[in-house]
Amino acid sequence: MRVIVDGVGVTVPEGATVLSAVGAAGVELPALCHDDRMTPVGSCRACLARLDGHVVAACVTPVTEGAQVGVEQEDLRRLRHDAVELIVSALPGHALEGDTELARLCRRLGVGPGAAEPERGRDDSHPYVRLDRDLCIACGRCVRMCAEVQGTFALTLTGRGGDTVVAPGTGGPWAESDCVACGGCVDTCPTGALTEPGLPVGAHLSAFTRTRTTCGYCGVGCALDVLTRDGEVTAVRPAHDGPVNRGHACVKGRFAHGFLRSPERLTQPLLRRGARLEPVSWPEALGHVARAMRAAIAEAGPDTVAAISSARATNEENYLIQKFMRTVIGTNNVDNCSRLCHSPSAAGLTAAFGLSGGTDSFDDVEQADCLLVVGANPIEAHPVVGARLLQRVLRGARLVVADPRAVGLAEHADVHLRPRPGTNVALFNGLAHVLLAEGLTDRDFLDRRTTGLAELAKLLDDYPPDRVSAITGVPVPDLVTAGRLYGRAERPAIIYGLGVTEHLHGTDGVRTLANLAILRGAVGTGRGFGVNPLRGQNNVQGASDMGALPDLLPGYGKVGDPAARARAEQVWGVPMPRHDGLRIPQMFAAARAGALRVLWIIGEDVCATDPDTNQVVAALDTCPLVVCQELFLSETARHADVILPAASWLEKDGTFVNFDRRFQRVRPALPSSGEARADFAIVHALAAAMGADLGCPTPAAALAECGRVAPIFGGISHRRLDQEGAIAWPCPDAGHPGTGKLYQDRFATADGLAHLAARPYLPPGESPDDDYPLVLITGRRWAHYNSGNMTRRSGNLRLDPVDQVDINPVDAARHAIPGGDLVTVESRHGRATLIARITGETAPGQLFCAFHFPASQVNALTSGHADTVTSCPEYKVTAVRLTPPR
């Protein structure tokens, strides 16, 4: 539409408001109750303008074609001045100090401070959010932020008239409310009523150094602005132009940076002498490691050395680590923690479609009219994604959740399927049966772009709803309704997590889940948004992309493929080992058998996160040399012979790849602590100690070299990312824009077709019995991350201070276990003592706990059962029993 603003013509989209039109004309109107991310309410009256002769609140009034808008007339200026002056009159004098939105506006309008006496008090109970009630103007921005962006609905306005103030919806102190500490309310508050520790009310942000980086916690890939002063992080703000997070964040990325100041940070290398770990110089530590590596190679060959690379490290660091192992050591014994989480995704998606990443960008997924969320709790584990999915549902998208637990998005689902743990393949086959039986497939797509339909259709004859219900425990009507919702949607999308992959038959789970999108014609077309895994760690996608895998080179070329190997050899200038290396579980087995001489563990606390902890400890204690690169003296580091202090994600230069394949820049906001070094520098220094030169002197050079080894990354560079923000692979050349949606022309399989998979249901590795009658599921909770090494050393520990085991009330009554008491959980493999949390979130016969507190030994419970294709552990099904604590 064409609109005239004070004589200036502007073009705005249909439905635009007067405020939008004024902004398009380059005129700034005050709007104290307005935030572009939220529904306008027009309560403050600070944005008054004239529309076709009538005075209106600009933020809530739509314009029409040819409308005449007035802004700068003297009477309008006076009205806006008076509206703001009235608001300020109820505030204390210090309300206009500093650099808040209100203070800046008052200086611009010439409004002086009010004279009200402070009387409503403060709430400083929360570690991250502070409330000064006397500065609240009841604009409601914080309430709408919590509802419309975060989706927690934790806040409300209470009181009447001039006494109206924001408050937790549950009543009582903020720290005891439903607040999940995303920080959105602090960001949007215009007056300083809501603030965070470290930044005083109205602090001038120009006094701080601002560094744009990418979050180092989960795999969402939130863009963050880190504010530093005097060598310390003062605050972290979500970037409003962040490609994925769009100005939002969660409690971890936003606030959990206190670990940087922890006195427990490792600041110099440590070397074991007898039973003691003693500080040594870098040359001594690296020399010790290099001598051990050379001796192992000389005495027993290069395959006696292995490395576990890190999903917490940058792409460039992972690239350099795998290059070191292959060109300096001469082995493919390199793996990363994707082995323990999404290796079935890589195998399953590659087999189905040709590439190991999710099929669509999250921006596309957000346009779906039906979301099938499987084995994931993004509200807690990926909060920014969870919030955006929830908003999509609240705007009308249909939602099917398949998860044994009633958590997160399940509360908002049209249908919540609660399958017995370990029965995913039966469930997905049952849904596929419904699609075929009711004609909810895309026959043209199946004929032209797929293979394997006949075999699948024959298998699905054995999975009618009644049989699937008997296997999974999902009622027949729910199964059929879910299949119809997905099958009848115009633009369905599948989002899944570790509840699909961490099973004995996890790869089969991915393949049978992918079948649904293929049958529906919802992948590689405009009729849906495919199959998209939620990656757990910040760079678990990138670590695999960079070739930190025993059977795959950078860009997923197979070690056994002569062409892929030749390309790497040409760039690296040395011959490649031709046989696959050891996977992480095989590394531990080799160590216990005496066949592994050196194990280098980078940024992974395997004694806390890997299954069957007692066997992991035995492997480390048996291996002659264990080298650990870490921030803290983790449980794994306590078993190491050499400990190398590493830089954190806030101290590094490079890139990460997020869950939807986007490369984004990582930039150092601080120097490393003490003598700690970035992993990139450590690998170079170790190579030098081995007498080798890896080239790639900078992270930018490493990424450029990786693009020569792996053409799908050939167009991605630090320079482009600095200019464009994010680029999704494949991106083969500098002129390519990147690929958000895959497979629009053909699939990346050898024949160019999507491959349907006929996979029967097979039982999990463990089942409950009379001795171990319950099933344990492990996962994450909202305030912590992975082994908790970073979040437990921040204010997050106040939000979630202890490990708990979730027990259904039926099971609690049967075992006479009261909530809050200690209880011992025992499996066939070990035991853990936890605090009982009685909740209906878990089904009868099932328990849930996290693994954020290594002292609890949760992973001593889990088994050595692993996915038959990829060796991904079966974390989601362990038979256990409850006993009183010993």
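For the structure itself, consult the block above.
Conventions we followed
- Residues numbered from 1 in each chain as written.
- Predicted model: local features only at pLDDT ≥ 70, side-chain atom pairs only at ≥ 80, totals over all residues.
- Heavy atoms only, no water.
- Disulfide = S-S within 2.5 Å.
- Buried < 20%, exposed > 50% of the residue type's maximum accessible area, 1.4 Å probe, protein only.
- Helix = DSSP H or I, 4+ residues; strand = E, 2+ residues; numbered from the N terminus.
- Expected span 1.5 Å × (residues − 1).
- Pairing = 2+ DSSP bridges.
- Salt bridge = Lys/Arg side-chain N within 4 Å of Asp/Glu carboxyl O.
- Core = buried A, V, L, I, M, F, W, Y, C linked by side-chain atoms within 4.5 Å.
- Contact = heavy atoms within 4.5 Å.
- Polar contact = N/O pair within 3.5 Å; in protein donor to acceptor, adjacent residues only side chain to side chain.
- Axes fitted to C-alpha atoms, helices over the stretch in contact; angles between N-to-C directions.
- Phe/Tyr/Trp six-rings, centres within 6.5 Å; stacked < 30°, edge-to-face > 60°.
- Lys NZ or Arg CZ within 6 Å of the ring centre and 35° of its normal.

Draft legend 1. Fine view of the state of the cysteines. With the rule as written, the count across this model stands at zero disulfides. Of all cysteine sulfurs, the one in cysteine 706 lies closest to cysteine 731, which takes part in no disulfide; the gap is 13 Å. Accessibility expressed as a relative area gives 0% for cysteine 731, which makes it buried.

Draft legend 2. Representation of helix α12 (residues 383–394) within the structure. End to end, α12 covers 16 Å across 12 residues, agreeing with the expected 16 Å (1.5 Å per residue, within 8%). Among the residues making up α12, those that are buried are Pro383, Val384, Val385, Gly386, Ala387, Arg388, Leu389, Leu390, Gln391, Arg392 and Val393.

Draft legend 3. Structural view of helix α8 (residues 315–329). With 15 residues, α8 should cover 21 Å at 1.5 Å per step; its first-to-last C-alpha distance of 20 Å lies within 8% of that length. In terms of burial, α8 is largely enclosed, as 14 of its 15 residues are buried. Following α8 by one or two positions, glycine 330 has its phi on the positive side, about 90°.

Draft legend 4. Spotlight on the pairing of strand β26 (residues 642–645). Side chains Val642 and Leu644 project from β26 onto one buried face, and the interleaved Ile643 and Pro645 project onto a second face that is buried too. Sheet analysis places strand β14 (residues 270–273) next to β26, joined by two bridges and oriented antiparallel. Opposite leucine 271, over in β26, you have valine 642 as the bridge partner. With four bridges joining them, strand β25 (residues 625–630) and β26 adopt parallel strand pairing. Among the inter-strand pairings, valine 627 is bridged to a residue of β26, identified as valine 642.

Draft legend 5. Highlighting the pattern of salt bridges. Within the structure shown, the criterion is met by 57 salt bridges. Residues glutamate 196 and arginine 237 are paired through a salt bridge, measuring 3.3 Å at the closest nitrogen-oxygen approach. In this pair, glutamate 196 is assigned in the loop between β10 (194–195) and β11 (209–214) and arginine 237 in strand β13 (residues 232–238), connecting sequence segments 41 residues apart. Three or more residues are tied together by salt bridges with common partners; here these are Arg246, Asp363, Glu366, Arg388, Asp660 and Arg662.

Draft legend 6. Up close: the sheet that holds strand β17 (residues 334–335). With mixed pairing, the seven strands of this open sheet are ordered in space as β15-β14-β26-β25-β24-β16-β17. Of all the strands in the sheet, just β15 (276–279) and β17 have a single pairing partner and so form its edges. As judged from the two bridges shared by strand β16 (residues 305–308) and β17, these two strands associate in the parallel manner. Its bridge partner being in β17, alanine 307 is matched across the sheet by valine 334.

Draft legend 7. Representation of the nonpolar core within the structure. In this structure, Met293, Phe324, Phe353, Leu513, Leu516, Trp600 and Phe663 are the most contacted members of the largest nonpolar core, which totals 112 residues. Those residues in contact with tryptophan 600 that sit more than four places away from it in its chain are Met293, Ala306, Ala307, Ile308, Phe324, Met325, Val627, Gln629, Val683 and Leu686. Formed by 44 residues, the second largest nonpolar core is a distinct cluster that contains Leu371, Ala376, Val384 and Leu389.

Draft legend 8. Seen up close, the side chain of aspartate 660. Take aspartate 660: it is sitting in the loop between β27 (654–657) and β28 (662–666). A polar contact of 2.9 Å, which involves the side chain of aspartate 660, links it to the backbone nitrogen of phenylalanine 362. In this structure the side chain of aspartate 660 is engaged in a polar contact, spanning 2.8 Å, whose partner is the side chain of asparagine 658. Apart from the residues within four sequence positions on either side, aspartate 660 is in contact with Asp360, Ser361, Phe362 and Ala728.

Draft legend 9. Representation of the sheet that holds β13 in the model. Taken in spatial order, the three strands of this open sheet run β11-β12-β13, and their pairing is antiparallel. On the outer flanks of this sheet lie β11 and β13, each paired with one strand and no other. The sheet shows a mean angle of 30° between the axes of neighbouring strands, taken without regard to direction.

Draft legend 10. Here's a closer look at the packing of aromatic side chains. Counted according to the given criterion, the structure contains 13 aromatic pairs. Centre to centre, the rings of phenylalanine 353 and phenylalanine 747 are 5.8 Å apart; their planes meet at 25°, and the pair counts as stacked. A residue pair is termed long-range when its members are at least 10 positions apart, and phenylalanine 353 in helix α9 (residues 343–353) and phenylalanine 747 in the loop between β29 (726–728) and β30 (754–755) qualify at 394 residues. Residue phenylalanine 353 is classed as buried on the basis of its relative accessible area of 0%. Taken together, the ring pairs in this structure connect Phe353, Phe445, Tyr743 and Phe747 into an aromatic cluster. Sitting over the face of the ring of phenylalanine 848, arginine 405 holds its NZ or CZ atom 3.4 Å from the ring centroid. Residue placement shows arginine 661 over the ring face of tryptophan 729; its charged tip is 5.7 Å from the ring centre.

Draft legend 11. View of the side chain of aspartate 806. Mapped onto the fold, aspartate 806 is located in strand β32 (residues 804–807). By relative accessible area, aspartate 806 is classed as buried at 0%. Of the polar contacts made by the side chain of aspartate 806, one reaches the side chain of arginine 781; its length is 3.0 Å. In this view, aspartate 806 contacts Arg405, Arg781, Arg837, Thr839, Glu841, Thr842, Gln846, Leu847 and Phe848; residues no more than four positions away in its chain are not counted.

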